[in-house]
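Results of the structural survey
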Amino acid sequence: MSAVLSAPAAAPTDAAPARRARSLTHPPRTGLLLVAPALAMIAVFALAPLAFALGISFTNWPLIGEVEFAGLTNYVNIGNDLGFLRAVGYTLLYTAIVTLPILVLGYALAVLVRTRRRGATLLRTVFFLPFVVGLTTLSFIALLEAQPGSGAVNLVLAALGLTDGSTAWLVDGRLATVLISVLVIWGVSGLTMLLLMSGMQAIPREVYESADLDGASWWQQEWRITIPMLRRTIAMSLVISVIGSLLAFTQFYILTSGGPGSATTTVVLHIYKRAFVQLQLGSATALSIVLVVVVALVTALQLRLLRGEE
Amino acid sequence: MSSTSSRNDTGRRETRTKRVLYAVGGTGAFGVFTVPLAWGLFRSVQPGEVIVAAPDPATFFDLTAENFVALVTGPGNLIRAVGNSLVVALCTAALTTVLATAAGYGFARFRFRAAPVAFALVVASMMVPFQAILTPLYLQMNLMRLTDSLLGLVLFNTTVNLPFGVLVMRNAFSSVPGELEDSAHIDGASTFRIVTSVLRPLILPGAATVALYAFLAAWTEFLGALTFLTDRDLYTLPVAMVNLQQGTYGDINFGYIAAGSVIAMIPCVVLYVALQRFYVAGLASGAVKG
């Protein structure tokens, strides 16, 4: 893990004479040729669109018709773009709702499976299954089960006597948010579990043995040893889940299409609609640039945390 | 008490309370994580009209294969969409693995002047989420005639998965001792021969990790396929299902959606359970997105 992000030149550590001998078997030109195809793909399909995006964001860029230079208009208009501001607000709210539960549930699951007990391997596999299946498929399953009168969500709640079983989860903004949040928390906490579990297993057992001799209780060991020692891993899994929430699209598109009205429209969904439904590509791209900057900042934090673990 | 309790492998005391809590919590959580997926399986063998009706004991267990038959014969051409998804996922896995292996070898073993810049670009591209550059990417792919094209979708998915793949493969090559290559060179083997025969067994786990991630990512990818494909014959499974749901093909039959979900789940579950080792290895490389 530690070597992943170190500089590439650090790999061969030969002294100068050996290096000369080595370059005969590893000519620099071959190296360039080997990395060129991957680099070309990344340049064409990731970096060029980013540069292109900057350009488009200064125009009105309709899908059909003449392109006009618009200066900073698209950026200035962001401040007045109520739909976008509402989407930002909603995305932040959604992120705030799901982040802590994902961490807490992931932590609890990790506690359950971190020791070599009977069935722990099976449980690990099972807890991670929803994440592997993916939010696209999970959303379709949830769609069926959220139907009033027939869906399992309503049947279970009615059987428990909590509702009458006729709740229309997806046509009310608040209820839809609750349903989608529960779906996501359940679906992705397996990832947090796996990340935290490998961190927990790396803590030397002597630490706990001596804490035990000092009479520390289970809670004290958890608070004073496990959590402090996992600080970086916890931060990293938080960053991963925050980025995922900031970029949320699929579950909202499938389950509510951002509705009713725009009640459950996330930032990516808003940008998608602005570009491909309203066909205002200049404006949509200016919004994208804002998103790129925010996510890049969060990702930079993630990479720093990773590097810090060396 | 301390005389009766032992320590577990993490160095903590193993008490009876803990064992009971583990049994109870484990069983409960097992149910919470398996029942919804199993329920999804069960729904796929219920007729569409039963799925949307209030449960009636008389019909609830009238199981049928009609939803799966309808994948082939019914509206929405779901079987074709399954084929498209499979082609896209397999091609993405193959292309990503080949390109990542070449680049990983280049970065791990060769010294060339552009290496630091090239590697920085790979890492930098990880910070650009494709969701955020979708609009310009769409325009650009349109110009390149890569929209409404499975090839375009493969190139897109490959690019999304490449940075992670390159990191994994660079690590795989870095952990192979250099002497192996040296002796192969002395024997006159070419770079291609060295990678495909001498180094192959050693880098295979890394390559399997890259292929597995790329396949699963492409198989479940939704936003890109939704944006780049407008031709119904080219829809991937999730996009075809969304159209089915939105009534593009007439009344929604939830049975078809249930069956489509099961088809979408199968490769994920089978590949994950069979290749779990490689999946976890990929996680450890720290390049997973939430």
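These figures come from a predicted structure and were not determined experimentally. (Residues numbered from 1 in each chain as written. Chains lettered and ligands numbered in written order. Predicted model: local features only at pLDDT ≥ 70, side-chain atom pairs only at ≥ 80, totals over all residues.)

1. Some words on the overall build of chain B
As a reminder, the rule being used: Comment: elements are numbered from the N terminus, with helices defined as DSSP H or I runs of at least four residues and strands as E runs of at least two. We call two residues in contact when the distance between their C-beta atoms, placed using the backbone, is within 7 Å.
For chain B, the count of helices and strands is 14 helices and two strands. Based on the C-alpha atoms only, the size of chain B along its principal axes is roughly 75 × 75 × 35 Å. In chain B, of all internal contacts separated by at least 6 residues, the share reaching a separation of at least 24 is 78%.

2. Some words on the overall build of chain A
Stated formally: For the exposure call, what matters is how many other C-beta atoms sit within 10 Å of a residue's own: 20 or more marks it buried, 12 or fewer exposed, and in between partly exposed, using C-beta atoms placed from the backbone.
A tally of regular secondary structure across chain A gives 14 helices and zero strands. Tracing chain A from N to C terminus, the helices and strands come up as α-α-α-α-α-α-α-α-α-α-α-α-α-α. With 310 residues in all, chain A has 44% of them scored as buried. A fraction of 69% describes how many contacts in chain A between residues 6 or more apart in sequence connect residues 24 or more apart.

3. Description of helix α7 (residues 152–159) of chain A
When α7(A) is considered as a whole, its buried residues turn out to be A:A152, A:V153 and A:N154. In this fold, the buried residues of α7(A) make contact with α6 (135–145) of chain A together with α1 (16–43) of chain B. Downstream of α7(A) by one or two residues, A:G161 has phi in the positive range, about 80°.

4. Digging into the environment of A:V113
Residues and elements named next belong to chain A. Secondary-structure assignment places V113 in helix α4 (residues 82–113). For the pair formed by V113 and G187, sequence separation is 74 residues and the distance between their alpha carbons is 17 Å. For V113, the contacting residues outside a window of four places in its chain are A120, L123, R124 and M197.

5. Quick notes on the interface of chain B and chain A
Note the threshold: In this classification, the charged set is Asp, Glu, Lys and Arg, the nonpolar set is Ala, Val, Leu, Ile, Met, Phe, Trp, Tyr, Cys and Pro, and all remaining amino acids, among them Gly, are polar.
Contacts between the two partners involve 99 residues from chain B and, on the opposite side, 91 residues from chain A. Broken down by element, the residue count for the side of chain B that touches chain A peaks at 12 residues, all from α1(B). The residue makeup of the side of chain B that touches chain A, split by class, is 62 nonpolar, 27 polar and 10 charged.

6. Things to note about the environment of B:F33
Relative to the helices and strands, B:F33 is located in helix α1. Among the residues examined, B:F33 registers 21 C-beta atoms within 10 Å and is labelled buried. On a C-alpha basis, the gap between B:F33 and B:N84 in space is 30 Å, while along the polypeptide they are 51 residues apart. If near-sequence neighbours (up to four positions away) are discounted, B:F33 is found in contact with A:V126, A:F127, A:L129 and A:P130.

7. Some thoughts on the nonpolar core
Quick reminder of the rule: To count as a nonpolar core, a set of buried Ala, Val, Leu, Ile, Met, Phe, Trp, Tyr and Cys residues must be joined through C-beta atoms within 7 Å.
A:A38, A:F249, B:A103, B:V166, B:M169, B:F215 and B:I257 are the most contacted members of the largest nonpolar core, which totals 175 residues. Once residues within four sequence positions are removed from consideration, B:I257 is found in contact with A:F140, A:L143, A:L144, B:M241, B:L244 and B:Q245.

8. Regarding the environment of A:R231
All names here are of chain A. Secondary-structure assignment places R231 in helix α11 (residues 231–246). Here R231 falls in the exposed class, since 12 other C-beta atoms lie within 10 Å of it. For the pair R231 and V133, spaced 98 residues apart in sequence, the C-alpha to C-alpha distance is 29 Å.

9. Remarks on unusual backbone geometry
The phi angle of most residues is negative, glycine excepted, and most peptide bonds adopt the trans form. Residues and elements named next belong to chain A. Backbone torsion omega between G259 and P260 reads 0°, so that peptide bond is classified as cis. For L279, which is not a glycine, the phi torsion comes out positive at approximately 55°. Position of L279 among the secondary structure elements: in the loop between α13 (267–276) and α14 (281–308).

10. Concerning the packing of α4(A) against α11(A)
In a packed pair of helices, the relevant descriptors are the angle between the two axes and the axis-to-axis distance. Residues and elements named next belong to chain A. Basically, it comes down to this: Axes here mean lines fitted to C-alpha atoms, for a helix over just the part in contact, with angles spanning 0 to 180 degrees between N-to-C directions. The crossing is said to be left-handed when, going from far helix to near helix, the turn is anticlockwise and less than a right angle, and right-handed when the turn is clockwise.
At a minimum axis separation of 9 Å, α4 and α11 run at an interaxial angle of 145°. As for how α4 packs across α11, the hand of that crossing is right-handed. For the pair formed by α4 and α11, the contact residues are T91, Y94, T95, V98, T99, I102, L103 and G106 on the first element and S237, L238, S241, V242, S245 and L246 on the second. Residues belonging to the contact of α4 with α11 are distributed by class as follows: seven nonpolar, seven polar and no charged.

11. Some points on helix α10 (residues 200–220) of chain B
All names here are of chain B. The condition is simple: The span you would expect from a helix comes to 1.5 Å times its residue count less one. Two axes define the bend at a residue: one fitted to the seven residues ending there, one fitted to the seven starting there, and the bend is the angle between them.
Its 21 residues place the ends of α10 29 Å apart at the C-alpha level, agreeing with the 30 Å of an ideal helix rising 1.5 Å per residue. In the structure, α10 departs most strongly from a straight axis at G206, where the bend amounts to approximately 30°. In terms of burial, α10 is largely enclosed, as 15 of its 21 residues are buried.

12. Here's the deal with the confidence of the model for chain B
For clarity, the cut-off: Confidence scores here are pLDDT values: one per residue, from the predictor, ranging 0 to 100.
Counting all residues, the mean pLDDT for chain B is 86, and 94% of those residues have values of 70 or more. Here the prediction assigns the complex a pTM of 0.88, and the interface score ipTM is 0.88.

13. Considerations on the packing of helix α5 (residues 120–133) of chain A against helix α13 (residues 254–274) of chain B
Selection criterion: Here the word oblique covers every angle except those under 35 degrees (roughly parallel), over 145 (roughly antiparallel) and from 65 to 115 (roughly perpendicular).
Close contact between α5(A) and α13(B) brings their axes to 9 Å; oriented N to C, the two are set at 140°. By the angle between their axes, α5(A) is oblique relative to α13(B). Here α5(A) and α13(B) pass one another in a crossing that is right-handed. Facing α5(A), whose interface residues are A:T125, A:L129, A:V132 and A:V133, α13(B) presents B:M265, B:C268, B:V269, B:Y272 and B:V273.

14. So, the confidence of the model for chain A
Residues and elements named next belong to chain A. Across chain A, the average pLDDT comes to 85, with 90% of residues at or above 70. At the low end of the mean pLDDT range in chain A sits helix α1 (residues 16–25), at 52; at the high end sits helix α12 (residues 250–255), at 95. In this model, residues 1–21 is a region of pLDDT below 50 whose contacts with residues beyond four sequence positions or in other chains number 29 contacts.

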